[in-house]
Amino acid sequence: KENISEYCANILSALTKAECEAATVQCNQGPKSGSNLFNDNVVGEEMIHAGAYIVLIGECLDRIAKKKEVQISEKFVTECRRCLSVLKDVAPVVMPLLLHQSPEANSHEDPRPTIAEAWFVTMTSLVSVCRNHKQIAASLVGDEVESFLGESLSLAMMLIFQKDLGTRRTAAPDIQRGMSLDGPHTLAVDTFFSESMLLGPSILLAGGRSIL
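The rules behind each value
Residues numbered from 1 in each chain as written. Predicted model: local features only at pLDDT ≥ 70, side-chain atom pairs only at ≥ 80, totals over all residues. Heavy atoms only, no water. Helix = DSSP H or I, 4+ residues; strand = E, 2+ residues; numbered from the N terminus. Salt bridge = Lys/Arg side-chain N within 4 Å of Asp/Glu carboxyl O. Core = buried A, V, L, I, M, F, W, Y, C linked by side-chain atoms within 4.5 Å. Buried < 20%, exposed > 50% of the residue type's maximum accessible area, 1.4 Å probe, protein only. Contact = heavy atoms within 4.5 Å. pLDDT = per-residue confidence, 0-100. Axes fitted to C-alpha atoms, helices over the stretch in contact; angles between N-to-C directions. Parallel < 35°, antiparallel > 145°, perpendicular 65-115°, else oblique. Left-handed = near helix turned anticlockwise from the far one by under 90°. Nonpolar A, V, L, I, M, F, W, Y, C, P; charged D, E, K, R; others polar. Disulfide = S-S within 2.5 Å. Phe/Tyr/Trp six-rings, centres within 6.5 Å; stacked < 30°, edge-to-face > 60°.

1. Thoughts on the environment of Ala-138
Next up, step 1: Locating Ala-138 in the fold gives a position in helix α6 (residues 134-140).
Next up, step 2: Spatially, the C-alpha atom of Ala-138 lies 9.7 Å from that of Val-77, the residues being 61 residues apart in sequence.

Laid out in structure tokens, this is it:
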């Protein structure tokens with residue numbers, strides 16, 4: 001497969017930002033709002049899901065993660081740095097979208113679950129690259145990759161803890177804040193938790209700093 005060029009990276013970044021900005025506008029209108037974009041004909045089960053551009057970055061990282069150490073050359077280091085650059089560039093629009101307080105949509109296809117799945121699967125691929133290839137991991141230190149992964153770790157925690165589970169005296173509300181956690185995106189979050197822990201205690205410190 002071809003490497004991701006700088007031009008391609010810029011295009012993926014722009015497309016991801018545009019998609020997440022549109023999804024944020026949709027969430028701002030509430031769960032009962034209709035949509036010409038986020039519906040079965042555009043992002044439904046048989047179509048390309050929201051978050052597809054993030055998936056492309058994840059697939060690139062996954063391909064590199066699976067290579068043997070002796071196959072790693074400077075071009076793969078450059079490609080990983082480009083992928084990380086895209087992810088850092090789009091994070092300011094992706095993360096607030098995933099934490100948006102609007103309840104689960106019922107009149108349009110909620111784009112947040114598939115974007116969340118794409119994001120955390122991609123984060124897991126980034127972790128795999130760092131664990132499998134010391135040369136690449138060393139080159140990404142200057143790009144603050146650990147701090148960035150810590151931000152995604154804190155994001156995952158906030159997604160879970162924003163839900164109201166109720167108390168012994170009061171039941172959990174029928175309508176919860178934020179997107180539903182019922183779906184494959186929750187498995188993606190769980191996998192990211194497990195894999196990121198293998199980076200060592202410092203990742204927890206990075207996650208804690210992100211919360212603070």
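2. Some thoughts on the pattern of salt bridges
Next up, step 1: Taken as a whole, this structure holds six salt bridges when the rule is applied.
Next up, step 2: With a closest N to O distance of 2.8 Å, Arg-81 and Asp-143 form a salt bridge. Highlighted residues: Arg-81 in helix α4 (residues 74-98) and Asp-143 in the loop between α6 and α7 (145-161), separated in sequence by 62 residues.

3. Digging into the nonpolar core
As a rule of thumb, nonpolar side chains are buried together in soluble globular proteins.
Next up, step 1: Residues Trp-119 and Phe-120 are the most contacted members of the largest nonpolar core, which totals 54 residues.
Next up, step 2: Only α1 (6-28), α3 (52-65), α4, α5 (112-132), α6, α7 and α8 (184-197) provide two or more residues apiece to this core.
Next up, step 3: Sort the elements by how many residues they give to this core and α4 lands first, with 13 residues.
Next up, step 4: Ignoring anything within four residues of it in the chain, the contact list for Trp-119 reads Ile-54, Leu-87, Val-90, Ala-91, Val-94, Met-95, Phe-148, Ser-152 and Leu-155.

4. A word on the confidence of the model for the protein chain
Next up, step 1: Of the residues in the protein chain, 88% reach a pLDDT of 70 or more, and the chain-wide mean stands at 86.
Next up, step 2: Mean pLDDT values for the elements of the protein chain range from 65 in helix α2 (residues 40-43) up to 95 in α5.

5. So, the packing of α3 against α5
Next up, step 1: Two elements in contact, α3 and α5, have axes separated by 8 Å at closest approach and are oriented at 20°. It follows that α3 is roughly parallel to α5 by the angle criterion. The handedness of the crossing between α3 and α5 is left-handed. Contacts between α3 and α5 pair Ile-54, Val-55, Ile-57, Gly-58, Leu-61, Asp-62 and Ala-65 from the former with Ile-115, Ala-118, Trp-119, Thr-122, Ser-125, Leu-126, Ser-128, Val-129 and Asn-132 from the latter.
Next up, step 2: Counted by class, the contact of α3 with α5 contains 10 nonpolar, five polar and one charged residues.

6. Some details on the state of the cysteines
Next up, step 1: According to the stated counting rule, one finds zero disulfides in the structure shown.
Next up, step 2: Between Cys-80, a cysteine without a disulfide, and Cys-83, which holds the nearest cysteine sulfur, the sulfur-to-sulfur distance is 6.1 Å.

7. Description of the packing of aromatic side chains
Next up, step 1: Tallied over the full model, the rule gives two aromatic pairs.
Next up, step 2: Their ring planes at 75° and their centres at 6.0 Å tell us that Trp-119 and Phe-148 sit as a pair that is edge-to-face. With Trp-119 in helix α5 and Phe-148 in helix α7, this pair connects stretches of sequence that are 29 residues apart. Considered together, Trp-119 and Phe-148 belong to a single accessibility category, that of buried residues.
Next up, step 3: Relative to Phe-192, the ring of Phe-120 lies with its centre 5.8 Å away and its plane at 45°, an arrangement referred to as tilted. You can see Phe-120 sitting in helix α5 and its partner Phe-192 sitting in helix α8, a full 72 residues away along the chain.

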